[in-house]
Amino acid sequence: MAQTHPDPVLQATDVTKRFGGVVAVNGMSLAVHRGEILGLIGPNGAGKTTMFDLLAGSVAVSSGSIRLNGVEVAGSPAHRRIAQGLGRTFQIPRPFAGLTLVENLLIARQHQTGERLWPNFAAWRRIAAEERAARDKARGLLDLVRLSHLAGEPASVLSGGQRKLLELARLLMADPQVILLDEPAAGVNPSLLEVIIDRIRAINAGGVTFLLIEHNIDMVTRLCHRVIVMAQGARLAEGTAAEVARDPRVIEAYLGGAG
Ligand SMILES: Nc1ncnc2c1ncn2[C@@H]1O[C@H](COP(=O)(O)OP(=O)(O)OP(=O)(O)O)[C@@H](O)[C@H]1O
Ligand SMILES: [Mg+2]
């Protein structure tokens, strides 16, 4: 496991999101420390996915501050946050089914010179070199997530768990500093779950910080250095997985089923 530092790579302060009359996130604060794997748990409807949407920028905050590497990003769009080092996966990954795994990674690429200029010969050579480098990177990342044997297959052949691994590789093409994972264990068979846990650890050891939402408490216990519990849009508790699991307020929130 990478060492954790109290240096926030991503920090939300007093964030609120209203959808009409529904307050999905209500004055929520959290800090993701550089190098850690932080878990975000809580009952259904607690506001966890909405919090991810706010952190990633796919949904705008009603109020509050979000800082990425100390820079306020609450007003900036999702694509800019990706360029600034933030990656996020979706609960149900949707790769381009007809494209190969390598192609799925190549279309995720950020800095493409190709479309920007009419290539003269020197530019053409540079573009060809960039293409080669990107292809090598894609193959390396497929190897990292244990999918290289399927590199030339269409994404349609992948199981649910393999799609989650492809999604992880796709994010890594952009060299993120922090990755948000929404329920990486959901719908994944037990043997592939072990691969996912092992790969998240390896990627974390390589310096990438993680924030993950997960209902699978076994995965949270094994993977997360620290856990934050959300209920009814707000922060309820924080600690190790074992500490929050025996916190009476947390037990009450889960038993009450009130998100
Ligand atoms: N676009 C929306 N419009 C209206 N209400 C919404 C919207 N998105 C989320 N909500 C509401 O906000 C609350 C929080 O939902 P959210 O999906 O963030 O919870 P969650 O903690 O991710 O739950 P789960 O564990 O079931 O995935 C719920 O009451 C939900 O119905
Ligand atoms: Mg959710």
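Calculation rules
Residues numbered from 1 in each chain as written. Chains lettered and ligands numbered in written order. Predicted model: local features only at pLDDT ≥ 70, side-chain atom pairs only at ≥ 80, totals over all residues. Heavy atoms only, no water. 1 Å grid on protein atoms, 1.4 Å probe; cavity = no way out; pocket = protein on both sides within 12 Å on 5 of 7 lines; lining within 4 Å. Points joined across faces, edges and corners; volume = space filled by probe spheres on them. Helix = DSSP H or I, 4+ residues; strand = E, 2+ residues; numbered from the N terminus. Nonpolar A, V, L, I, M, F, W, Y, C, P; charged D, E, K, R; others polar. Near = heavy atom within 4 Å. Polar contact = N/O pair within 3.5 Å; in protein donor to acceptor, adjacent residues only side chain to side chain. Areas by Shrake-Rupley, 256 points an atom, 1.4 Å probe, with all protein chains shown as cover. Pairing = 2+ DSSP bridges. Contact = heavy atoms within 4.5 Å. Axes fitted to C-alpha atoms, helices over the stretch in contact; angles between N-to-C directions. Buried < 20%, exposed > 50% of the residue type's maximum accessible area, 1.4 Å probe, protein only. Parallel < 35°, antiparallel > 145°, perpendicular 65-115°, else oblique. Left-handed = near helix turned anticlockwise from the far one by under 90°.

K.L.:
I keep staring at empty space enclosed by the protein and nothing clicks. Help me out?
P.N.:
With a probe scaled to a water molecule rolled over the atoms, the places where space remains empty come into view. Scanning all chains against the criterion turns up one cavity of 30 Å³ or more. Roughly 100 Å³ of volume is contained in the largest cavity. Along the walls of the largest cavity sit Thr 89, Phe 90, Pro 93, Lys 164, Leu 165, Glu 167, Leu 168, Leu 181, Asp 182, Pro 184, Ile 196 and Ile 200, which together make up its complete lining. Every element with two or more residues in the lining of the largest cavity is listed here: helix H5 (160-172), strand E7 (178-182) and helix H6 (190-205). In the lining of the largest cavity, the residues fall into eight nonpolar, one polar and three charged.

K.L.:
Any chance you could explain the site of ligand 1 here in plain terms?
P.N.:
In the neighbourhood of ligand 1, the contacting residues comprise Phe 19, Ala 24, Pro 43, Asn 44, Gly 45, Ala 46, Gly 47, Lys 48, Thr 49, Thr 50, Glu 183 and His 215. Between ligand 1 and Thr 49, the relevant distance is 2.9 Å, taken from an oxygen atom to a main-chain nitrogen or oxygen of the residue. Between an oxygen atom of ligand 1 and a side-chain N or O atom of Thr 50, the distance comes to 2.6 Å. Burial of ligand 1 by the protein amounts to 60% of the accessible area it has alone, namely 640 Å². Here the shell around ligand 1 gets three residues from one element, more than from any other, and that element is helix H1 (residues 48-56). Across the shell around ligand 1, the residue classes tally to four nonpolar, six polar and two charged.

K.L.:
Where do I start with the sheet that holds strand E5 (residues 71-72) in this structure?
P.N.:
Backbone hydrogen bonds are what pair the strands of a sheet, in a parallel or an antiparallel way. As summarised here, the arrangement of the four strands in space is E2-E1-E4-E5, forming an open sheet in which the pairing is antiparallel. Pairing within the sheet leaves two strands with one partner each, and these edge strands are strand E2 (22-33) and E5. When strand E1 (residues 8-19) meets strand E4 (residues 63-68), the two strands line up antiparallel, connected through five bridges. When the sheet's bridge partners are listed, Gln 11 is paired in E4 with Arg 67. Lying over the sheet, H1 contacts E1, E2 and E4, oriented at roughly 120° with respect to E1.

K.L.:
Is there a simple way to think about the pairing of strand E3 (residues 37-41) in this case?
P.N.:
The two faces of a sheet get side chains in turn, since along a regular strand they alternate between them. For E3, the buried fraction is high: five of the five residues fall into the buried class. The alternating pattern of E3 places Ile 37, Gly 39 and Ile 41 and Leu 38 and Leu 40 on opposite faces, both of which are buried. Of the pairings in the sheet, the one linking E3 to strand E8 (residues 209-213) comprises four bridges and is parallel in character. Of the residues in E8, the one forming a bridge with Gly 39 is Leu 212. Relative to strand E9 (residues 226-231), E3 runs parallel, the two sharing four bridges. Paired with Leu 38 across the strands is Arg 226, a residue of E9.

K.L.:
Looking at this structure, how should I read the packing of H5 against H6?
P.N.:
To characterise two packed helices, one gives the angle between the axes of the helices and the distance between these axes. It is the contact of H5 with H6, at a shortest axis distance of 9 Å, that shows an interaxial angle of 15°. One way to sum up the angle between H5 and H6 is to call them roughly parallel. In this structure, the crossing between H5 and H6 has a hand that is left-handed. When H5 is examined against H6, the residues Gly 161, Gln 162, Lys 164, Leu 165, Leu 168 and Leu 172 are found in contact with a partner set consisting of Leu 192, Val 195, Ile 196, Arg 199, Ile 200 and Ile 203. Within the contact of H5 with H6, the residues separate by chemical class into eight nonpolar, two polar and two charged.

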